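A look at the structure
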Amino acid sequence: MAYVIEGSTGAWEVVIGLEVHAQIISASKLFSGAATAFGAEPNTQVSFVDAAFPGMLPVINRVCVAQAVRTGLGLRAHINLVSRFDRKNYFYPDLPPGYQISQFAHPIVGAGVIEIELADGSTRSIGVTRLHMEQDAGKSLHDQHPGKSCIDLNRAGVALMEIVSEPDLRSPEEAGAYVRKLRSILRYLGTCDGNMEEGSLRADVNVSVRKHGEPYRTRCEVKNVNSIRFVMLAVEAEAMRQVAVWEAGGTVQQETRLFDSGRGVTRPMRSKEDAHDYRYFPDPDLFPLVLDEDWVEQLRRALPELPDEKRARFMRDYGLSAYDAGVLVAEQATALYFEAVARGRDAKQAANWVTGDLFATLNRSGRTIEDSPVSAASLGRMLDLVADGTINGRIAKDVFDAMAETGLAPDAIVQQRGLRQVTDTGAIDAAVAAVLAANPDKVAEFRGGKDKLFGFFVGQVMREMRGKGNPGLVNEALKQALT
Amino acid sequence: MFALTLAGARAALRARQVSARELTDAYLGAIEALNPRLNAYITPTPELARRQADAADAALARGEAGPLAGIPLAIKDLFCTAGVRTTAGSRILAPFVPPYESTVTANLLRDGAVFLGKANLDEFAMGSSNMTSAFGPVTSPWTRTGDAAPLVPGGSSGGSAAAVAARLALGATATDTGGSIRQPASFCGVAGIKPTYGRCSRWGIVAFASSLDQAGPLARTVEDCAILLGSMAGHDPKDSTSADRPVPDFAAACRRGVRGLRIGVPREYRSDGMPPEIEALWQQGLAWLRAAGAETVDVSLPHTKYGLATYYIVAPAEASSNLARYDGVRFGARSEGGDLLEMYENTRAEGFGAEVRRRILIGTYVLSAGYYDAYYLRAQKVRALILRDFTEAFHNVDALLTPTAPSAAFPQGERMDDPVKMYLNDVFTVPASMSGIPGLSVPAGLDARGLPLGLQVLGKPFDEETVFAVGAALERAAGFAALPALRAGG
């Protein structure tokens, strides 16, 4: 069922395109040797190039170029062997040279595609228009001094990729899924850490609305949205606003807006007086960037397995459902963990444990899978203990919780706590006898034809055995005793 | 001592006939005596010079002297020099002391040179007369016969050229964006070469127009220029447009001769208003080269007439962007204002002179929405055609010979009311700048009023050696020995 906004004049379709700014993982900046670490003291990671001192010149960082190309390859996009840097001119104190070096006319990466997965299990292909490299600006701090603004240039000149989608997205859910998938691909590639809180990944959301079958109407750009949830909320808020404007007989003006997450609305960012003429022109300090085809091929061959391929493989090799596979490949670390558990074992069981108990434990403790209290080796070993009958499935839950709590190996826990499954028929028979003796009325009812009581007896016997009875043997013994 | 050329001084230093300290003290004395009249230096650096001279003497004594050990030079105040104020001739950089040394000046220091001080120039190298410097105009050491009116030294490297001509330095660094080395060389009767774009690093040189700016030397002789360029040039990974090629022995090329070379004579340089004596000197130069064994042939550079107009779109466009960084925020002069915008406006209005403001406005205009295609984009297309003209001409000839400038030096204050007339100074030098090819100006004669005139040798990209060979042959034939009235040791 397509997402629509029901207005007073009928249903409105929402059209969304995203421009995602992703900070490239690189030790130094796009055109200078200054460091890029997050959270350093203000103005400690600034070279004379970043501060635009007289006579300073940019030199392209090869690592950043490789990262952009790898990202392009990961988006199954066309790599432009010749691209160019332009200057985007405007005055602002956090932009020391008075221009941003960006790829306006000739980006390094052309058209690509991102497959998004939706909650109903369906997938959609979203077009990527282009990816280009550009410099980040510094940061203006307006709250450090009563009458002045302070400038931190640590971020000035840091390499960004701007990844522009086609206006192919049609709902807040799709917009969220797009950012989630893009983030996943970037993290797999190691080209962006995807950390939206620290600003390494930010989205500009372009939204318009239209009646079914119409051409596009005027769009507005909601700038610098910094979480996936806010992307979805911003789309919804902006679409609702536009529907209200159109339905009130007004006209949506093309403009830049900001999402106010506190009030859940968008508001205009710039007035017309500030409309910029950026005077783009090719940066004369840099020759066109020419890539060697063999080098691009080398990068292509060295790409890691990406989420889509991994998902297909998990479905094929492990017999997982599309949904389970999708959940497991979203993060590379999760996929790695799962494979370590699943290899040579019951994959469906492994998937259930990872997406069930493990995720629940991680959520509770606020930890990531990289520092999971239960290692993949331990979880695998625990599954082995179930498979070889050392513990039963019910006890496995207790063992898992104990591993999460203590970090100990499953064997040690089973040993220490005496959780080994009881297969001694003498002990089972004794427990059965004790239960039947304690419940003569229930025994009579059962024998009178109330078959449903069998489960009650199993439960009582297992309780008597503190959960450790072998379920098959308990069933067997009960059947015999009750007939 | 002032009669020594750079090559001669080098030999005398090695033979210990003179010490670097003596040479430097002599030049510092000359600066003290004459600079108040010439204003060729904005910032003399006597203490630094003496320290460097002493170091050169020590190196010479140890036998470890670099190729320029003890050679006193003037440094155009567009080159950033560590710990020494670098103004670019502008009020906006008046308080600026760079914490870094430009690659070109670092190369000279590596080779043992002594820096006498920072030479005056047109503000941000924008000008052909040295009248736009915020530190006052440079007066040429030359005067017309029987006329004491102060003349311009040419520009923008007017301080460098005047210093060399008046013997306030043995040589100088300069930069050329549209003719700023060659035109002042011609006006001041000295030699100067703009090498191929990319031959010298631009790192640490205050930028005017990045796709055109190129450093080069000014000196008394072609060979002196060759020696200096040999030290200044070389690949620099800090400048992405710097050429990664070996630096040839330019001085050796000066001795090659021109026998068998084909010298092109571009017919489009024969402009209508050209003074007859410049035309005559040009013909004389061709005759000298033929006499030395070269062949001269007519060539056509059909897009020459668009050179100047194209240049005055491309250079201001780049300048308008390059000069955006002078905003009073991080370095240089700041004029306070009530808010950020006012501070920007006050800083730039008070910091930049009229010519710089004019070019920023022109550049902003030609890049703005709606005009970009008609001006900047079209200019880039014409620029490609100008380069193609040269490329095709160089299929048939080894070098070209033209006049350097359409006139001799003119009086200070003349042409100030008409920027276009002022821009016409660059008509013969701009096409080589637009094409990135090397161009050398050689003093070849005097006009009727006793002022020097230069001839320009243009060469293939990265073939400065042929340019030097032709220039040295012209120099030998011309035997230019005239000296300005105002000079040290005179």
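Residues numbered from 1 in each chain as written. Chains lettered and ligands numbered in written order. Predicted model: local features only at pLDDT ≥ 70, side-chain atom pairs only at ≥ 80, totals over all residues. Heavy atoms only, no water.

What follows covers the overall build of chain B. The helix and strand inventory of chain B stands at 16 helices and 11 strands. Overall, the C-alpha framework of chain B stretches about 65 × 50 × 50 Å when taken along its three principal axes. Buried residues in chain B amount to 64% of all 490 residues. Here the contacts in chain B between residues at least 6 apart in sequence split such that 77% fall between residues at least 24 apart. Counting every atom, chain B has about 16,100 Å² of accessible surface; 53% of that belongs to carbon and sulfur. In chain B, 47 positive and 48 negative side-chain charges are present, and the distance between their average locations comes to 3 Å. (Helix = DSSP H or I, 4+ residues; strand = E, 2+ residues; numbered from the N terminus. Buried < 20%, exposed > 50% of the residue type's maximum accessible area, 1.4 Å probe, protein only. Contact = heavy atoms within 4.5 Å. Areas by Shrake-Rupley, 256 points an atom, 1.4 Å probe, with all protein chains shown as cover. Lys, Arg positive; Asp, Glu negative; His and termini not counted. Charge placed at Lys NZ, Arg CZ, Asp CG, Glu CD.)

The next point concerns the confidence of the model for chain B. Averaged over all residues, the pLDDT of chain B equals 96, while 100% of them reach at least 70. Our summary of model confidence lists the complex with pTM equal to 0.92 and ipTM equal to 0.96. (pLDDT = per-residue confidence, 0-100.)

The next thing to look at is the nonpolar core. Burial of nonpolar side chains together is a common tendency in soluble globular proteins. Formed by 170 residues in total, the largest nonpolar core has its most connected members in Leu108(B), Phe124(B) and Phe468(B). Counting 109 residues, the second-largest nonpolar core is a separate cluster that includes Ala22(A), Leu30(A), Ile369(A) and Phe400(A). (Core = buried A, V, L, I, M, F, W, Y, C linked by side-chain atoms within 4.5 Å.)

Turning our attention to the side chain of Thr390(A). With respect to the element layout, Thr390(A) can be found in the loop between helix H9 (376–387) and helix H10 (393–406). Setting aside chain neighbours within four positions, we find Thr390(A) in contact with Leu385(A), Val414(A), Leu419(A), Arg420(A) and Gln421(A).

Attention shifts here to the packing of aromatic side chains. Considering all chains together, one arrives at 37 aromatic pairs over all chains under this definition. Centroid distance Phe456(A) to Phe457(A): 5.4 Å. Interplanar angle 65°. Geometry classified as edge-to-face. Ring pairs connect the aromatic residues Phe48(A), Phe53(A), Phe96(B), Tyr100(B), Phe124(B), Trp203(B), Tyr326(B), Phe331(B) and Phe352(B), which therefore count as one cluster. Directly above the ring of Trp353(A) sits Lys397(A), whose terminal nitrogen or CZ lies 5.3 Å from the centroid. We note Arg245(B) situated over the ring of Phe462(B); from NZ or CZ to the ring centre the distance is 4.1 Å. (Phe/Tyr/Trp six-rings, centres within 6.5 Å; stacked < 30°, edge-to-face > 60°. Lys NZ or Arg CZ within 6 Å of the ring centre and 35° of its normal.)

Our focus in this paragraph is a nonpolar patch on the surface. A grouping of Tyr365(B), Tyr371(B) and Tyr375(B) is seen on the molecular surface, where their side chains present a nonpolar patch of about 280 Å² in accessible area. Within the secondary structure layout, Tyr371(B) lies in the loop between helix H12 (354–367) and helix H13 (373–393). (Patch = residues over 30% accessible without salt bridge, like charges linked within 9 Å, V, L, I, M, F, W, Y side chains within 5 Å. Salt bridge = Lys/Arg side-chain N within 4 Å of Asp/Glu carboxyl O.)

The next subject is the sheet that holds strand S6 (residues 214–219) of chain B. Residue and element names in this part refer to chain B. Ordered by their spatial adjacency, 11 strands build an open sheet running S1-S3-S2-S4-S6-S5-S10-S11-S9-S7-S8, and the pairing between neighbours is mixed. At either margin of the open sheet sits one strand with a lone partner, and together these are strand S1 (41–44) and strand S8 (295–299). Direction aside, neighbouring strands of the sheet carry axes that sit 30° apart on average. (Pairing = 2+ DSSP bridges. Axes fitted to C-alpha atoms, helices over the stretch in contact; angles between N-to-C directions.)

A few words on the domain arrangement of chain A. Residues and elements named next belong to chain A. Along its sequence, chain A is carved into domain 1 (4–297), domain 2 (305–417) and domain 3 (425–482). Between the C-alpha centres of domain 1 and domain 2 there is a distance of 37 Å. Contact residues are listed per partner, giving 12 residues for domain 1 and 12 residues for domain 2. With both sides pooled, the region where domain 1 packs onto domain 2 buries about 960 Å², and carbon together with sulfur makes up 47% of that total. For the pair domain 1 and domain 2, the number of links is 5 salt bridges. Its salt-bridge partner being Glu-117, residue Arg-311 comes within 3.9 Å of it at the nearest N-O pair. Mapped by element, the contributors of at least two residues to the side of domain 1 that touches domain 2 are strand S6 (112–117) and helix H2 (172–189). When residues in the side of domain 1 that touches domain 2 are grouped by element, the largest group, 7 residues, is from H2. (Domains from an automatic or database assignment. Buried area = accessible area lost by both parts, 1.4 Å probe.)

Attention now moves to the pairing of strand S3 (residues 114–119) of chain B. Residues and elements named next belong to chain B. In terms of burial, S3 is largely enclosed, as 6 of its 6 residues are buried. In terms of strand pairing, S1 meets S3 through 3 bridges, oriented antiparallel. The residue of S3 that forms the bridge with Tyr-41 is Ala-119. With 5 bridges connecting them, strand S2 (residues 72–76) and S3 associate as parallel partners.

It is worth spelling out the interface of chain B and chain A at this point. The interface of chain B with chain A comprises 38 residues on the first partner and 29 residues on the second. Carbon and sulfur atoms supply 61% of the area buried between chain B and chain A, which totals about 2,800 Å² over both sides. Our count for the chain B to chain A interface comes out at 1 salt bridge. Applying the counting rule to chain B against chain A returns 14 residue pairs in polar contact (both at pLDDT 80 or more). Elements that contribute at least two residues to the side of chain B that touches chain A include exactly helix H10 (307–322), helix H11 (340–351) and H12 of chain B. (Polar contact = N/O pair within 3.5 Å; in protein donor to acceptor, adjacent residues only side chain to side chain.)

Now for the pattern of salt bridges. Scanning the entire structure with this criterion turns up 53 salt bridges over all chains. Linking Arg313(A) and Glu339(A) is a salt bridge whose minimum nitrogen-to-oxygen distance equals 2.7 Å. With Arg313(A) in helix H5 (residues 307–318) and Glu339(A) in helix H7 (residues 332–342), this residue pair connects regions lying 26 residues apart in the sequence. Each of the two residues, Arg313(A) as well as Glu339(A), counts as buried. The salt bridge involving Arg334(B) is made with Glu336(B); its shortest N-O contact spans 3.8 Å. A residue is classified by how much of its surface remains accessible, and Arg334(B), at 41% relative accessible area, is partly exposed.

Attention now goes to the side chain of Thr221(B). Residue and element names in this part refer to chain B. As for its placement among the helices and strands, Thr-221 is situated in the loop between S6 and helix H7 (222–232). At a separation of 2.9 Å, a polar atom in the side chain of Thr-221 contacts the main-chain amide nitrogen of Asp-224. Once you skip the residues sitting within four places of it in the chain, Thr-221 turns out to touch Thr-5, Ala-191 and Glu-475.

Another point: the environment of Ser435(B). Residue and element names in this part refer to chain B. Looking at the secondary structure, you find Ser-435 in helix H15 (residues 430–435). For Ser-435 and Leu-387, which are 48 residues apart along the polypeptide, the C-alpha to C-alpha distance reads 4.8 Å. The contacts of Ser-435, once residues within four sequence positions are left out, are Ile-386, Leu-387 and Phe-390.

Under the definition given, this model contains 0 disulfides over all chains. Unpaired in this structure, Cys200(B) has its nearest cysteine sulfur neighbour in Cys225(B), at a distance of 12 Å. (Disulfide = S-S within 2.5 Å.)

This next bit is on the packing of helix H1 (residues 62–74) of chain A against helix H4 (residues 293–301) of chain A. Residues and elements named next belong to chain A. Closest axis-to-axis distance for the H1/H4 pair is 10 Å, and the angle between their directions is 60°. The handedness of the crossing between H1 and H4 comes out as right-handed. For the pair formed by H1 and H4, the contact residues are Arg-62, Val-65, Ala-66, Val-69, Arg-70 and Leu-73 on the first element and Trp-295, Val-296, Leu-299 and Arg-300 on the second. In the contact of H1 with H4, the residues fall into 7 nonpolar, no polar and 3 charged. (Left-handed = near helix turned anticlockwise from the far one by under 90°. Nonpolar A, V, L, I, M, F, W, Y, C, P; charged D, E, K, R; others polar.)

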